[in-house]
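Working through the structure, step by step
Each chain, letter by letter, is given below.
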Amino acid sequence: MRILILGTGGTIASTKTEMGYRASLTVDEILEMAGIEKRDGVEIDSKDVLNIDSTLLQPEDWITIGEAVFEAFGEYDGIIITHGTDTLAYTSSALSFIIRNPPVPVVLTGSMLPISEPKSDAPRNLRTALTFVKKGFPGIYVAFMDKIMLGTRVSKVHSLGLNAFQSINYPDIAYIKGDTILIRHRPPIQKGKPEFDPRIDPNVVHLRLTPGLSPEVFRAVAKMADGILLEGYGAGGIPYRGRNLLDVVSEMAETKPIVMTTQALYGGVDLTRYEVGRKALEAGVIPAGDMTKEAALTKLMWALGHTKNVEDIRKIFRKNLAGEVRIR
C-alpha cells in the first residue's frame with residue numbers, strides 16, 4: 001500500500017521564533033519527530049506543497065492543494081494532508097467540491113501543539129489519519145483526536161483545546177484506538193470518474209447579523225461582492241423593525257445570491273419555522289439548511305465559479321453534492 005503525505009504548514013509544522021510559532025518544518029521532519037517511519041507498515045511518500053500558517057491560506061491555495069491530490073490518485077492508495085487548524089475546515093469543505101468522486105481516502109489532519117513541543121498531539125493525529133487511510137474508504141475526511149469526520153461537516157470549535165474539531169449535524173465517521181477502527185457511519189460513496197473542477201469565485205462576503213446592523217452598511221458591502229453568506233440568528237430570519245434590513249436584502253437578492261446560515265452551532269437554518277424566516281424566503285434568501293458555515297461559504301464560491309444566475313445557484317443549494325447538507 002502506498003500513501004502520500006502532503007504538507008501545507010500550520011501549527012503541526014511550526015517551530016518557536018522570537019515572533020511566536022512559525023511554520024517551517026517539512027513533512028519528512030514532521031514524520032521523523034513523530035516517530036513515524038517512512039515504511040511504517042506501508043510505503044509512505046511525502047511532498048511539501050505549501051509551508052505557511054493557515055491564517056495566510058487563500059482560496060487559490062485550495063486549487064494548488066487540490067491539484068496535488070488529484071494528480072496523486074493514479075499512484076497512491078490514500079492521501080494525507082497536514083494542515084493548520086485555523087482554516088482546515090474551509091479547506092476540507094472546498095476540496096470536497098473541487099474534487100468529485102475521489103477514488104481513495106483523502107484525510108486532512110494537523111495539531112493544536114507544534115510537533116516541536118513536548119506532549120504535542122501531532123503524532124496522535126497523524127497515526128489516526130494513517131490508520132484510517134489503510135481502511136480504504138474513498139472520500140474527503142478530517143482526522144483529529146481519535147475521530148474521523150466528513151470533510152464537509154467539520155468546524156473548529158475550540159481555539160486552544162486539543163479536541164478542537166467537531167462534526168456538525170452529522171455523525172462521526174469512525175473512532176480510532178491504536179490500530180482498532182470503530183466505524184460509526186458510512187457516508188454514501190460518490191460514484192463515477194474522478195473529476196477536478198476548480199472553478200471558484202472567492203469574491204464572497206460573510207456577514208454576521210447583529211442587532212443594529214445598518215441596511216446601508218449591508219448594501220455597501222453587498223455591492224462589492226458576487227455573493228453574500230449571511231449568518232443569522234437561530235433558525236433564521238431578517239430584521240425589518242426599526243432598521244429595515246429586509247427591504248435591502250430583497251433588493252440585492254434579485255441580482256446576487258444571499259445565502260443564510262446560522263450563528264447556532266447545531267440544528268441549521270429552517271426559514272419556514274417563523275414569520276421572520278418566511279419573509280426572508282419571500283425576499284429571495286437561499287437557506288443553507290444544516291450546512292456548516294465553512295461548507296456554505298465554499299459551496300457558494302464553487303457555485304459562483306460556475307454561474308452568476310441566482311436561480312441556478314438556488315438549485316445548486318438544493319442539492320447534496322458532497323454530504324454537506326441534509327435535504328429536507
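Let's shift gears to a nonpolar patch on the surface. A contiguous nonpolar patch, built from V157, L265 and Y266 and spanning about 240 Å² of accessible area, is present on the exposed surface. Structurally, the position occupied by L265 is in the loop between β17 (258-262) and α7 (275-283). According to the relative accessible area criterion, L265 is partly exposed, its value standing at 39%.

Let us now look at the side chain of T307. Secondary-structure assignment places T307 in the loop between α8 (293-304) and α9 (310-317). Among the polar contacts listed, one links the side chain of T307 to the backbone nitrogen of N309, at a separation of 3.0 Å. If we skip the residues at most four places from it in the chain, T307 touches D312, I313 and I316.

The next thing to look at is a negative patch on the surface. A surface patch of negative charge is lined by E29, E32, E37 and D48. Tracing the backbone shows E32 in helix α1 (residues 27-34).

Below, the discussion takes up the environment of H206. Following the sequence through the fold, H206 ends up in strand β15 (residues 204-208). A C-alpha to C-alpha distance of 33 Å links H206 and F137, two positions 69 residues apart in sequence. Among the polar contacts listed, one links the side chain of H206 to the side chain of E231, at a separation of 2.7 Å.

Turning our attention to the sheet that holds strand β12 (residues 174-177). What the eight strands build is an open sheet, ordered β4-β1-β5-β7-β8-β9-β12-β13; its pairing is mixed. Of all strands in the sheet, those with a lone pairing partner are β4 (43-52) and β13 (180-183), marking the two edges. Geometrically, the sheet is characterised by an average inter-axis angle of 25° between neighbouring strands, direction not taken into account. Where strand β5 (residues 78-82) lies against strand β7 (residues 105-109), four bridges are found, and the strand directions are parallel. Across the sheet, I80 pairs through a bridge with V107, a residue of β7.

Each value, and the rule that gives it
Residues numbered from 1 in each chain as written. Predicted model: local features only at pLDDT ≥ 70, side-chain atom pairs only at ≥ 80, totals over all residues. Heavy atoms only, no water. Patch = residues over 30% accessible without salt bridge, like charges linked within 9 Å, V, L, I, M, F, W, Y side chains within 5 Å. Areas by Shrake-Rupley, 256 points an atom, 1.4 Å probe, with all protein chains shown as cover. Salt bridge = Lys/Arg side-chain N within 4 Å of Asp/Glu carboxyl O. Helix = DSSP H or I, 4+ residues; strand = E, 2+ residues; numbered from the N terminus. Buried < 20%, exposed > 50% of the residue type's maximum accessible area, 1.4 Å probe, protein only. Polar contact = N/O pair within 3.5 Å; in protein donor to acceptor, adjacent residues only side chain to side chain. Contact = heavy atoms within 4.5 Å. Lys, Arg positive; Asp, Glu negative; His and termini not counted. Charge placed at Lys NZ, Arg CZ, Asp CG, Glu CD. Pairing = 2+ DSSP bridges. Axes fitted to C-alpha atoms, helices over the stretch in contact; angles between N-to-C directions.

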